[in-house]
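Observations on the three-dimensional arrangement
Chain by chain, the residues:
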Amino acid sequence: MPESQDLLKRLPTDLGGLTAEPVQRTEHEIEPWEKRCHALADVLDFHKIINTEEKRRGVEALGAEIISKASYYERWIAAFANILFQKGLLTPGDLARKMEEVSARHGDGRT
Amino acid sequence: MQPHGHEHPDIPEPEDKPPGYYEIMEIAVRELLIEKKLIGPDEIRRQIEVLDSRTPALGARVVARAWIDPAFRVRLLRNGRAACEELGISFYDDTQLIVLENTAAVHNLVVCTLCSCYPRPVLGLPPDWYKLKPYRARAVREPRAVLAEFGTFISDDVEVRVSDSTAMVRYLVLPQRPPGTEGMSEQQLADLVTRDAMIGVTTVRH
């Protein structure tokens, strides 16, 4: 395990210059929700609600463990939610209620 | 299942399997932002159309034009964004584009060590390997070894120059025009230019 001072000196997304495995030339077809998430990032940027640098720092703020376990767009949407809470544009309660509603709408196959 | 027509008035959501946790979060955030009128109801769908319209074929057109039009090449190297806009390629974000020219003396390679910044307006979305740790970590430390993993071997007397992208400044590599292409049309030249050559991990072959 790295020492805490090493973690402090290098935040989890700051990868330049580290040693790592050979490049695997992986590519996957982007899923529909991932593409919507990408479009959401652009639209939030157009409206000056969340810019690219805020998004990057929002991912960084998720911490090393989530960054290592969540996929690319999973990190993005979690970061957007946190940033929107911090800016007072959404509340955690808003999101929890809406997620339940969406889940109920999709969960049992009936709409 | 809905019958599949040619119109998609609503943003498609998969109907055959229930959405996962993060997809539910994405749907919920989007719907809340629309309800609160922070974004328009149609903006995500329209931006998806913009994203779908961006592929490496646009960058390939830019490269082919630079190969056949020396004055365009000069403008492209001076201001990448303005030269792309001249060809009708709009920039939907605030990023600047710096075009890096490969020569007999210099080979350029583009990376984003901090995240995944990429010249999306001209190349579309980046490949997964561009976003993953091995490429981001090693491209700045041992670029020749990384290039070799792509089957690209740069002679020792050629400088390998690595550019690290930022939120505001993106890079596109202008590859060297391969020999034996003197008689080719602009479109034929564009067809030779690959995404990976414009990232700098490969060269253009004929």
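Per chain, residues are indexed from 1 in the order of the written sequence. Written order decides the labels, with chains lettered from A and ligands numbered from 1. For this predicted model, a pLDDT threshold of at least 70 governs which residues receive local features, and a threshold of 80 or more governs which side-chain atom pairs are given and counted, while totals over whole chains, interfaces and linings are taken from all residues. The side-chain figures draw on all heavy atoms in the structure; neither hydrogens nor water molecules are used.

1. Digging into the overall build of chain A
A run of H or I in DSSP becomes a helix once it reaches four residues, and a run of E becomes a strand once it reaches two; helices and strands are each numbered from the N terminus. Helix and strand content of chain A: 6 helices and 0 strands. What you see in chain A, going N to C, is helices and strands ordered as α-α-α-α-α-α. For 111 residues, the compact-globule estimate of 2.2 N^0.38 gives 13 Å, and the C-alpha radius of gyration of chain A, at 17 Å, exceeds that figure by more than 25%. Judged by the C-alpha coordinates and their principal axes, chain A covers about 50 × 35 × 30 Å. Any two residues whose heavy atoms approach within 4.5 Å are treated as being in contact. For chain A, the share of sequence-separated contacts (at least 6 apart) that also reach a separation of at least 24 residues comes to 58%. Summed over its atoms, the accessible surface of chain A is roughly 6,500 Å², and 52% of this surface lies on carbon and sulfur atoms. Chain A carries 16 positive and 19 negative side-chain charges, and their two centres are separated by 4 Å. As defined in this context, the radius of gyration uses C-alpha atoms, and a globule is described by 2.2 Å times the residue total to the power 0.38. Only the protein chains shown count as cover for residues, and the accessible areas themselves come from Shrake-Rupley with a 1.4 Å probe. The sign given to each residue is positive for Lys and Arg and negative for Asp and Glu; His and the chain ends receive no count. Charged groups are reduced to one reference atom each: NZ for lysine, CZ for arginine, CG for aspartic acid, CD for glutamic acid.

2. What to know about the packing of aromatic side chains
Aromatic ring pairs are defined here through the distance separating the ring centres and the angle between the ring planes. Any pair of Phe, Tyr and Trp rings, taking the six-membered ring for Trp, is counted once the centres come within 6.5 Å. Such a pair is stacked with planes under 30 degrees apart, edge-to-face with planes over 60 apart, and tilted for the rest. One pass over the full model with this rule turns up 11 aromatic pairs over all chains. Between Trp 129 of chain B and Tyr 130 of chain B, the ring centres sit 6.4 Å apart and the planes meet at 70°, which makes this aromatic pair edge-to-face. As far as burial versus exposure is concerned, Trp 129 of chain B and Tyr 130 of chain B are alike and both buried. Exposure classes here rest on a 1.4 Å probe applied to the protein chains alone. A residue is buried below 20% of its type maximum, exposed above 50%, and partly exposed in between. By relative accessible area, which is 0% here, Tyr 130 of chain B ends up buried. Note on geometry: a ring has a charge over it if NZ (lysine) or CZ (arginine) is within 6 Å of the ring centre and within 35 degrees of the ring normal. The ring of Trp 76 of chain A carries Lys 55 of chain A above its face, with NZ or CZ at 3.6 Å from the centroid. A cation over an aromatic ring shows up here: Lys 131 of chain B above the ring of Tyr 72 of chain A, its NZ or CZ 3.7 Å from the ring centre.

3. With respect to the interface of chain B and chain A
Counting residues at the interface gives 58 residues for chain B, matched by 54 residues for chain A. Throughout, buried area stands for the accessible area (probe radius 1.4 Å) lost by two parts on being put together, summed over both. For the pair chain B and chain A, the summed buried area comes to about 5,200 Å², and 67% of that belongs to carbon and sulfur atoms. Its largest share of buried area at the contact with chain A, chain B owes to Tyr 22, Glu 26 and Leu 114 of chain B, together 11% of the area lost on that side. At the level of secondary structure, the elements contributing two or more residues to the side of chain B that touches chain A comprise helix H1 (21-35), helix H2 (43-52), helix H7 (128-131), helix H8 (133-138), helix H9 (143-149) and helix H11 (195-199) of chain B. With 14 residues, H1 of chain B is the single largest residue contributor to the side of chain B that touches chain A. When the residues that make up the side of chain B that touches chain A are grouped by side-chain class, the tally is 33 nonpolar, 3 polar and 22 charged. Asp, Glu, Lys and Arg are counted as charged, while Ala, Val, Leu, Ile, Met, Phe, Trp, Tyr, Cys and Pro are counted as nonpolar; the rest, among them Gly, fall into the polar class.

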